Amino acid sequence: MEEHPAKRRRLSDIDQDHSEKLPGGGMPASLSHPISPPRKRRARERELIPSPIRLTTIQDLPADSNVGAVSLHDLLGNPLISECWDFNYLHDIDFLMSHFDRDTRSLVKVHVVHGFWKREDMNKWALEQQAAQYSNVTLHTAYMPEPFGTHHSKMLVLFRHDDMAQVIIHTANMIAKDWTNMTNGVWQTPPLPLLQAEPPDIDLKIGGGPKFKVDLLNYLRAYNNKRKVCEPLVDELARYDFSAVRGALVASVPGRHDVNDDPTRTRWGWTCVKHALRSVPIQEGKSEVVVQISSIATLGATDTWLQKTLFDSFSPRTNASSPKTRPEFKVIFPTSDEIRQSLDGYASGGSIHTKIASAMQAKQLLYLRPILHHWVNDCEKGIRAEGEEERDGGRKRAAPHIKTYIRYNEESKTIDWALLTSANMSKQAWGEAENASRQVRIASWEIGVLVWPELFADKAKMVGTFMTDMPTKEDLDGDGPLVGLRIPYSLPLQRYEKNERPWVATETYATPDWKGQVWGGF
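Worth saying up front: this structure is predicted, and the values here are computed from it rather than measured. (Residues numbered from 1 in each chain as written. Predicted model: local features only at pLDDT ≥ 70, side-chain atom pairs only at ≥ 80, totals over all residues. Heavy atoms only, no water.)

## Let's talk about the overall build of the protein
Rules: The helix and strand labels rest on DSSP assignments: H or I over at least four residues marks a helix, E over at least two residues marks a strand, and numbering proceeds from the N terminus. Two things to know: the radius of gyration comes from C-alpha atoms, and the globule rule equals 2.2 Å times the number of residues to the power 0.38. We call two residues contacting when some pair of their heavy atoms lies within 4.5 Å. Throughout, the Shrake-Rupley method with a 1.4 Å probe supplies accessible areas, and for residues the shown protein chains are the sole cover considered. Here Asp and Glu are counted as negative and Lys and Arg as positive; His is not counted, and neither are the chain ends. By convention, the point assigned to a charge is CZ for Arg, NZ for Lys, CD for Glu and CG for Asp.
Assigned secondary structure in the protein consists of twelve helices and 22 strands. Relative to the 2.2 N^0.38 estimate, which gives 24 Å for 522 residues, the radius of gyration of the protein is 30 Å and therefore markedly larger than a compact globule would have. Its C-alpha atoms put the protein at 140 × 55 × 50 Å along the principal axes. Considering only intrachain contacts with a sequence separation of at least 6, the fraction spanning at least 24 residues in the protein is 75%. Accessible area for the protein stands at about 25,800 Å²; split by element, carbon and sulfur atoms hold 51% of it. For the protein, the separation between the mean place of its 65 positive charges and that of its 67 negative charges on side chains is 4 Å.

Have a look at this one:
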């Protein structure tokens, strides 16, 4: 008899059979867990990069005003330092030597480069007298072809026993006054190792280490035009690897220099900064360039050189798509009242210079006054923008010897670029206007470094930091890398009133400063 096929079993029977095979008669463990949403990916931590420019410590300010600040001993106190080249305008050799490590200072080979070449110059005599007390100190006189030029560059080049080197560009004279209660700035390379091998193809992109090295060595070679001042330094420094350096060298060398567009050449003065800034990304929107200096030279009865040569160099068009609107320019320079109330009183004014005595200088003040701003933004007089957030730089009472040129974007509240330099607002420092022969005449030695956010991280932004070197993630919306820039002055700026005058060191001031002293002028 034919068998009938088996009947299909009911689902309830299948479920029951399976449950009987599980311990305790329960559901499979994999089905008994609660269903949960997938785990959230951890938010990427925002990259925060400290300011590439630091301030020097101020002796008579509290610790919270010196956060991140650097002293001369911080720069020179490493016992591994074997050799030091000190480039500056004013030098106190006893002061310099006191900041090396106590146990090794007599072993450090110290080279002091200065610009005092006249036999009767008392500065030259004083240097020679001091240097004679140290068997390890050698003086070098820079070639000074221009009668009104100075050796104004401020730089330290250090070599160490562990085969590392370092370049430090700063704004302080090598004298005690500048390193105690005056505001100054410092930029340092990281420790530079010896080159392992010269790369076959060197990228000379502006802002990169190889280009910085080429320009620095060319600057040092310029000292060798008449005598071999820096020849051993050039030979030694060429052996080191600059690939970790981020910044563009902006320097001035005295003499007459051709204006040309050869990208392989090192430029000097205003042509140098103009060429460098063409490589710097500029954001759209309203912006301003704040020029903060400690000296204003005689620029002319009209503002032609200031506007057409200097300011135009700080606002070049990079390409057809770059912003067409020229930034607004503001100049920070202290008044006599700010000098009177500074930590050192009138004594600090001896390092801060301008003149308004002659008819030409009086005309110059007329076109400068509308753009002049106070170093201290809480002066009794002055015009201050309303509604802007108060940002305290922590240096209101420390008179400025620092020189900075910074481009702020007002709409994005960020910084496009910043320059720390020895160069004040003068033709001697930056160079005359281009002449008919397409040459620029420069009188002084100067050196500085230009930085911008993209040098430190892809798609980075730069923001001002106040009383600290480190930005916070709340300083700017977004999650991209954030670079800090230590701002020495307080914001918002306070503009001069119509009758205010800048501090003039050659004038006399009978009103006592806070120490009870008066000023007799130079």
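## A short note on the sheet that holds strand β20 (residues 461–465)
The pairing of strands in a sheet happens through backbone hydrogen bonds and is either parallel or antiparallel. Heads up, the condition is: We treat two strands as partners when DSSP finds at least two bridges between them.
Within the open sheet, the three strands sit side by side as β1-β21-β20. Their pairing is parallel. Two strands in the sheet have a free side with no partner beyond their single neighbour: β1 (48–49) and β20. Here two bridges tie β1 to strand β21 (residues 482–486), and the two strands are oriented parallel to one another. The partner of Ile49 across the bridge, within β21, is Val483.

## Digging into the pattern of salt bridges
The condition that has to hold: A side-chain nitrogen of Lys or Arg and a carboxyl oxygen of Asp or Glu constitute a salt bridge if their distance falls within 4 Å. Summary of the burial criterion: residues with accessible area below 20% of their type's maximum are buried, those above 50% are exposed, and those between are partly exposed, where the area comes from a 1.4 Å probe applied to protein chains only.
Applying the stated rule across the entire model yields 18 salt bridges. Across the salt bridge formed by Arg340 and Asp337, the nearest N and O atoms sit 3.9 Å from each other. Remark: Asp337 and Arg340 occur in helix α10 (residues 336–340); sequence separation between them is three residues, near one turn of the helix. The class of Arg340 is buried, set by a relative accessible area of 15%. Classification of Asp337 as partly exposed rests on a relative accessible area of 29%. Residues joined in a network through salt bridges with shared partners are Asp378, Arg384, Glu390, Lys396 and Arg397.

## Describing the packing of aromatic side chains
A ring pair, where both rings are aromatic, is described by two values, the distance of the centres and the angle of the planes. Defined as follows: Under the pairing criterion, centres of Phe, Tyr and Trp rings, with the six-membered ring standing for Trp, must be within 6.5 Å; the plane angle then separates stacked pairs below 30 degrees from edge-to-face pairs above 60, leaving the rest tilted.
Under the definition given, this model contains 22 aromatic pairs. Considering the side-chain rings of Tyr346 and Trp519, the 6.4 Å spacing of their centres and the 40° angle between planes classify their relative orientation as tilted. One end of the pair, Tyr346, is in the loop between α10 and α11 (359–368); the other, Trp519, is in the segment after β22 (494–495), with 173 residues separating them in the sequence. Here Tyr346 and Trp519 have matching classes, each one buried.

## A word on α11
For the record, the criterion: Note that the arc is computed from the directions linking the helix axis to the C-beta atoms.
For α11, every residue scored as buried is listed here: Gln361, Gln364, Leu365, Tyr367 and Leu368. Buried positions in α11, seen along its axis, are confined to an arc of 165° and lie on one side of it. Residues of α11 that are exposed and point over 90 degrees away from its buried face: Ala359 and Leu366. Looking at the buried side of α11, the elements it contacts are α9 (304–313) and β14 (372–373).

## Quick look at the nonpolar core
As a rule of thumb, nonpolar side chains are buried together in soluble globular proteins. Definition in use: Only buried residues count toward a nonpolar core. Its members are Ala, Val, Leu, Ile, Met, Phe, Trp, Tyr and Cys residues joined through side-chain atoms within 4.5 Å.
Tyr219 and Trp430 are the most contacted members of the largest nonpolar core, which has 112 residues in total. Sequence-distant contacts of Tyr219, that is, excluding residues within four places in its chain, are made with Ser153, Met155, Leu249, Ala251, Ser252, Val253, Trp268, Trp445, Glu446 and Ile447. Membership of the second largest hydrophobic core comes to 25 residues, among which are Phe116, Leu127, Ile168 and Met174.

## Observations regarding helix α5 (residues 122–131)
Those residues of α5 that sit buried are Lys124, Leu127, Gln130 and Ala131. Across the axial projection of α5, the buried residues extend over an arc of 130°, all falling on one side. Residues of α5 that are buried sit in contact with α4 (93–97), β4 (109–114) and β5 (137–141).

## Observations regarding the confidence of the model for the protein
The criterion, for reference: On a scale of 0 to 100, pLDDT captures the predictor's confidence in every residue.
When pLDDT is averaged across the protein, the result is 91; 90% of the residues are at 70 or more. pLDDT under 50 marks residues 5–25. Its contacts with residues more than four places away, or in other chains, come to five contacts.

## Looking at the state of the cysteines
For clarity, the threshold we go by: Criterion for a disulfide: a pair of cysteine sulfur atoms at a distance within 2.5 Å.
A complete count under the given rule lists zero disulfides for this structure. Free cysteine Cys230: the closest other cysteine sulfur is in Cys84, separated by 13 Å. Here Cys272 is not disulfide-linked; the sulfur of Cys230 is the nearest cysteine sulfur, at 18 Å.

## Quick word on the pairing of strand β17 (residues 414–421)
In terms of residue burial, β17 counts as a mostly covered element, since eight of its eight residues are buried. The pairing of strand β16 (residues 404–409) with β17 spans six bridges and is classified as antiparallel. Paired with Arg407 across the bridge in β17 is Trp417. As consecutive antiparallel partners, β16 and β17 are separated by four residues, and within that stretch Lys413 has a phi angle of approximately 60°, a positive value.

## Concerning the side chain of His257
This is how it is decided: Any N or O atom pair separated by 3.5 Å or less is treated as a polar contact, with the protein-specific requirement of one donor-capable and one acceptor-capable atom, and with residues adjacent in sequence counted only for side-chain atom pairs.
Position of His257 among the secondary structure elements: in strand β11 (residues 255–258). Accessibility expressed as a relative area gives 19% for His257, which makes it buried. At a separation of 2.6 Å, a polar atom in the side chain of His257 contacts the main-chain carbonyl oxygen of Val253. Once residues within four sequence positions are removed from consideration, His257 is found in contact with Trp268, Arg438, Gln439, Val440 and Ile442.

## What to know about unusual backbone geometry
Note on backbone geometry: most residues besides glycine have negative phi, and most peptide bonds are trans. Between Leu491 and Pro492 the backbone carries a cis peptide bond, its omega angle lying at 0°. For Arg438, which is not a glycine, the phi torsion comes out positive at approximately 60°. Turning to its location among the elements, Arg438 is positioned in the loop between α12 (427–430) and β18 (439–442). At Met467, a residue that is not glycine, the phi angle is positive and equals roughly 60°. Tracing the sequence through the fold places Met467 in the loop between β20 and β21.

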